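Each chain is listed here by its residues.
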Amino acid sequence: MRLTKWLVPTLYITFLLLPIYWLVNMSFKTTNEILGGFSPWPKNFTTASYVEILTNPVWYNGYISSISYVLINTVISVSFALPAAYAFSRYRFLGDKHLFFWLLTNRMAPPAVFALPFYQLYSAIGLFDTPWAVALAHCLFNIPLAVWILEGFMSGVPKEIDETAYIDGYSFPRFFVKIFMPLIASGIGVTAFFCFMFSWVELLLAKTLTSVAAKPIAAVMTRTASTSGYELGLLAAAGVLTIIPGAIVIYFVRNYIAKGFALGRV
Amino acid sequence: MLELRDVSKTTSGQPHISHVSLTFAPGSLNVLLGPTLAGKTSLMRLMAGLDRPTEGSIWMEGQDVTGVPVQKRSVAMVYQQFINYPAMTVYENIASPLRVAGVAKAVIEERVTHAADLLHLTPHLRRTPLELSGGQQQRTALARAMVKEARLVLLDEPLANLDYKLREELRAELPRIFAASGAIFVYATTEPSEALLLGGHTAALSEGRVTQFGPTIELFREPADLITAQTFADPPLNIVAVDKRGSNFQLDGGLNLQVPARLSGIADGAYTLGFQPHHLSFQPRASDAVAVEARVSVTEITGSESFVHLDFAGRRWVMLEEGIHRLDVGESVRAFIDTRHMLVFDTSGRRISTAAALAA
């Protein structure tokens, strides 16, 4: 009994972490060792791959552009979704329920559908190959998601709090910033996390809408693999560095995500 | 002075308030009494300015404030639910209307301290509302309404969600706390006993209409119509439909009741009789008490009193008797109606005052 109690979770975590361990393992090996045969840990431990990534602008610019469009997108998504979600949660207007559902259906279309129109449009207005291009394109699926999540959190706040604030003399903007936003702070955190995550992992639009200057890290990774042979150690190190931002963000919002799930909105 | 002139409110085709006209004097205590969904909250929201009436106008101190947003009015409101700002400390919660109004720091300090003192919140000022008990949360909301020194204070069933002891305590303190400010004080409740304890004036509400407005005790003693009398009765008013023929009230099922001498002057015809549970008893309380045979259906014992539910001619009556009475279900008992306080209503529900009947 004692054994099975530990056995199942241990096996589960082992299998879950094995690919990540292997990635970390590879990142500290030389390419020759990776290709040379099976070794469960690095025989010739080297940090050369990491040094290469952090010193070569081709590599670290990929990270910088990825992080910049992800941050821009998160800020835009949350700040536009806040008033929209407030309207959906507090007011009744013509077609509000249909509009709310329609927002969600935006997530059902594959991003590839929009790659061509975005490419053409951004080329025409000079946004092509900038972090803004990717950030705006990602709003397509992140704003609906953000509205959906935030609406759930806002509807959990009684309307009487709004009214009490108005009676106390608060103007709408002041109430929203001083009273309302602190109340749904965890919701904003969860929303920001999801926007961050979806924007961070999305590759197709990010690759299509950039060429050189704003090339995201995921695109850099694939190109390196094709042009200068198999630099597997380097790729593994890049992979590890790509996981880290997501891991950091998820650490901060881990408690709130459970709340989001409880509201049925995540 | 707050005046509601022929105010109506319709929400998506549903009339919530219809043709309400009320005048509240400065410094007065007013109770809105009515069952759930009678329109108490709707009416308060109109008074506060949270909603705009569909028809009619609202006047404050001789000025039409119908379309004035709530921020620009001198109003304070407390809800039945405990509504505070969870992200702020109790001190900041109480101070919030003053902070918005830009009141000097020293004045805020003084008023908050004073309010916290009156409402026994001083030890909790540094905590947040969600760490407090329900009673303390509601006292925080009350303190916030108090420091604002608004000219109109609206309390929407503020004590309904509190336990019995706290309710008693706060009910006694509330009018005292707000009386000093000279504000118009409006208090909504579903409980007739609460209205009587508060005193002042009462507006009885039913289905969005004010059925009667006047001094509380007058509404209780001399309701203008059947609906008001029913609104103002807890446990419910005992009623029975009768047909007056000469000196008899005829009931369905061939029963007869002797018409008391006091009521002999009224014309023959159909009437509804109403009387309070404590005017029904096992022993006659007056010489002209009317005796009826009824069947016991339930007995509730509260401690010093018993509520005996009786079935009489297809009607459920409630008797309030002192002491503990154990009666078997279905047992036949003899009950006496004290006709001195019996209310008589005509077919349209209007009360026939005995004085008028005698004059006729």
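Numbering of residues starts from 1 in each chain and follows the order in which that chain's sequence is written. Chain letters and ligand numbers both follow the written order, the letters beginning at A and the numbers at 1. Local features in this predicted model are restricted to residues whose pLDDT is 70 or higher, and side-chain atom pairs enter the listing and the counts only when it is 80 or higher, whereas totals over whole chains, interfaces and linings include all residues. Excluded from the side-chain calculation are hydrogens and water; included are all heavy atoms of the structure.

Peer 1: What is the right way to read the overall build of chain A from this model?
Peer 2: Counting from the N terminus, the helices are DSSP H or I runs at least four residues long and the strands are E runs at least two residues long. For chain A, the helix and strand inventory stands at 13 helices and zero strands. The N-to-C order of helical and strand elements in chain A reads α-α-α-α-α-α-α-α-α-α-α-α-α. Dimensions of chain A, computed from the C-alpha atoms along their principal axes, are close to 75 × 65 × 30 Å. Buried, partly exposed and exposed residues are distinguished by accessible area as a fraction of the type maximum, computed with a 1.4 Å probe on protein chains only: under 20%, between the cut-offs, and over 50%, respectively. Taking all 266 residues of chain A together, the buried fraction comes to 42%. Counting only carbon and sulfur atoms, one obtains 74% of the accessible surface of chain A, whose full area is about 14,200 Å². In chain A, 17 side chains carry a positive charge and 11 a negative one; their mean positions are 7 Å apart. Calculation of accessible area relied on Shrake-Rupley with a 1.4 Å probe; when residues are assessed, cover is drawn exclusively from the protein chains displayed. His residues and chain termini do not enter the charge count, which takes Lys and Arg as positive and Asp and Glu as negative. Throughout, a charge is located at the NZ atom of Lys, the CZ atom of Arg, the CG atom of Asp or the CD atom of Glu.

Peer 1: Could you clarify how one ought to interpret the confidence of the model for chain B in this entry?
Peer 2: Detailed reading of the predicted coordinates is not advisable wherever pLDDT is low. A residue's pLDDT is the confidence the predictor assigns to it, expressed on a 0 to 100 scale. Averaged over every residue, the pLDDT of chain B is 86; residues scoring 70 or more account for 97%. Low pLDDT (under 50) marks residues 356-360 of chain B, which in the prediction has four contacts with non-local residues, meaning those over four places away or in another chain. Between two residues, a contact is recorded if the distance between any of their heavy atoms is within 4.5 Å.

Peer 1: Can you help me understand the state of the cysteines in this one?
Peer 2: A covalent bond between the sulfur atoms of two cysteines is referred to as a disulfide. All names here are of chain A. For this text, the term disulfide refers to a pair of cysteine sulfurs within 2.5 Å. Considering all chains together, one arrives at zero disulfides over all chains under this definition. Of the cysteine sulfurs around Cys-139, a residue in no disulfide, the closest is that of Cys-195, at 8.3 Å. Judged by relative accessible area, Cys-139 falls into the buried class, the value being 9%.

Peer 1: What is the right way to read helix H5 (residues 164-179) of chain B from this model?
Peer 2: Residue pairs spaced three or four apart in an α-helix point in one direction, given the helix's 3.6 residues per turn. Residues and elements named next belong to chain B. For H5, with 16 residues, the first-to-last C-alpha span of 23 Å sits near the 22 Å given by 1.5 Å per residue. The angle separating two fitted axes, one through the seven residues that finish at a residue and one through the seven that start at it, defines the bend at that residue. Along its length, H5 reaches its greatest deviation from straightness, about 30°, at Glu-173, and the proline Pro-175 lies no more than four positions downstream. Leu-166, Arg-167, Leu-170, Arg-171, Glu-173, Leu-174, Ile-177 and Phe-178 are the residues of H5 that are buried. The span expected for a helix works out to 1.5 Å for each residue beyond the first.

Peer 1: Got a minute to help me understand the pattern of salt bridges in this structure?
Peer 2: Oppositely charged side chains may form a pair once their charged atoms are brought near each other. Any carboxyl oxygen of Asp or Glu within 4 Å of a side-chain nitrogen of Lys or Arg constitutes a salt bridge here. Scanning all chains against the criterion turns up 17 salt bridges over all chains. With its nearest N and O atoms 3.1 Å apart, the salt bridge here joins Asp243(B) to Arg245(B). When its relative accessible area of 24% is taken as the criterion, Asp243(B) is described as partly exposed. On the accessibility criterion, Arg245(B) (48% relative accessible area) is partly exposed. When the shortest N-O distance is used, the salt bridge between Glu293(B) and Arg334(B) registers 3.1 Å. With a gap of 41 residues between them, Glu293(B) in strand E16 (residues 290-301) and Arg334(B) in strand E19 (residues 332-337) connect regions that are remote in the sequence. Judged by relative accessible area, which is 47%, Arg334(B) ranks as partly exposed. Several salt bridges converge on common partners, so that one network encompasses Glu163(A), Arg45(B) and Asp51(B).

Peer 1: Would you mind going over the sheet that holds strand E8 (residues 184-189) of chain B with me for this structure?
Peer 2: Two modes of strand pairing occur in sheets, parallel and antiparallel, and in both the strands are linked by backbone hydrogen bonds. All names here are of chain B. Strand pairing follows a simple DSSP-based rule, namely that at least 2 bridges must link the two strands. Read from one edge to the other, the open sheet built from six strands follows the order E6-E7-E8-E3-E9-E10, with strand pairing classed as mixed. Of all the strands in the sheet, just strand E6 (75-78) and strand E10 (209-215) have a single pairing partner and so form its edges. Across the sheet, the axes of successive neighbouring strands diverge by a mean angle of 15°, strand direction being ignored. Taken together, the five bridges between strand E3 (residues 29-33) and E8 define a ladder with parallel strand orientation. For helices, the axis comes from a line fit to the C-alpha atoms of the stretch in contact; other axes are also lines fit to C-alpha atoms, and the angle between any two N-to-C directions lies between 0 and 180 degrees.

Peer 1: Would you explain helix H5 (residues 96-105) of chain A in this entry?
Peer 2: Residue and element names in this part refer to chain A. Along H5, the positions that sit buried rather than exposed are Asp-96, Phe-100, Leu-103 and Leu-104. Around the axis of H5, the buried residues are gathered within 100° of arc, so they sit on the same side. Facing away from the buried side of H5 by over 90 degrees, the exposed positions are His-98 and Phe-101. On its buried face, H5 is in contact with helix H4 (57-90) and helix H7 (131-155). Here the arc refers to the set of directions running from the helix axis out to each C-beta atom.

Peer 1: What's the story with the side chain of Ser57(B) in this structure? I'm lost.
Peer 2: All names here are of chain B. Looking at the element boundaries, Ser-57 is found in strand E4 (residues 55-60). Relative accessible area serves as the criterion here: at 16%, Ser-57 is assigned to the buried category. Here a polar contact means two N or O atoms within 3.5 Å. Within protein one must be a hydrogen donor candidate and the other an acceptor candidate, and residues neighboring in sequence count only if both atoms are side-chain atoms. Separated by 2.8 Å, the side chains of Ser-57 and Trp-59 make a polar contact. Dropping the residues within four chain positions of it, Ser-57 is found in contact with Glu-3, Leu-4, Arg-5, Val-7, Asp-64 and Thr-66.

Peer 1: Just to check I follow, could you spell out the environment of Trp148(A) for this structure?
Peer 2: All names here are of chain A. By the element assignment, Trp-148 lies in helix H7. Using a relative accessible area of 22% as the deciding quantity, one classes Trp-148 as partly exposed. Separated by 63 residues in the primary sequence, Trp-148 and Ala-85 place their C-alpha atoms 7.1 Å from one another.

Peer 1: I would appreciate a short explanation of unusual backbone geometry in the present structure.
Peer 2: Outside of glycine, negative phi angles account for most residues, and trans bonds account for most peptide bonds. Residue and element names in this part refer to chain B. For Glu-61, which is not a glycine, the phi torsion comes out positive at approximately 50°. Here Glu-61 lies in the loop between E4 and strand E5 (63-64). You can call Glu-61 partly exposed: its relative accessible area is 43%.

Peer 1: Explain the interface of chain A and chain B here, please?
Peer 2: Note: interface size is frequently given as the accessible area lost on complex formation between the parts. Listed by partner, the interface residues are 18 residues for chain A and 21 residues for chain B. In this description, buried area is defined as the sum, over both parts, of the accessible area (probe of 1.4 Å) that is lost when the two are combined. Summing both sides of the interface, chain A and chain B together bury roughly 1,700 Å²; the carbon and sulfur share of this comes to 63%. Applying the counting rule to chain A against chain B returns two salt bridges. Among the salt bridges present, the one from Arg144(B) reaches Asp168(A), with a minimum N-O distance of 3.4 Å.

Peer 1: Help me out: how do you make sense of the nonpolar core in this one?
Peer 2: Nonpolar side chains in soluble globular proteins tend to be buried together. Among buried residues, the Ala, Val, Leu, Ile, Met, Phe, Trp, Tyr and Cys ones that are joined through side-chain atoms within 4.5 Å form a nonpolar core. Membership of the largest hydrophobic core comes to 66 residues, with the highest contact counts inside it found for Leu2(B), Leu32(B), Leu43(B), Met47(B), Leu152(B), Leu154(B) and Val186(B). In terms of residue count, the dominant contributor to this core is H7(A) (seven residues). Residues contacting Leu154(B), with those up to four places away along its chain left out, are Met44(B), Met47(B), Ala48(B), Val75(B), Ala76(B), Met77(B), Val78(B) and Val186(B). In terms of nonpolar packing, the next biggest core, distinct from the first, is built from 42 residues, Leu98(B), Val153(B), Leu155(B) and Leu170(B) among them.

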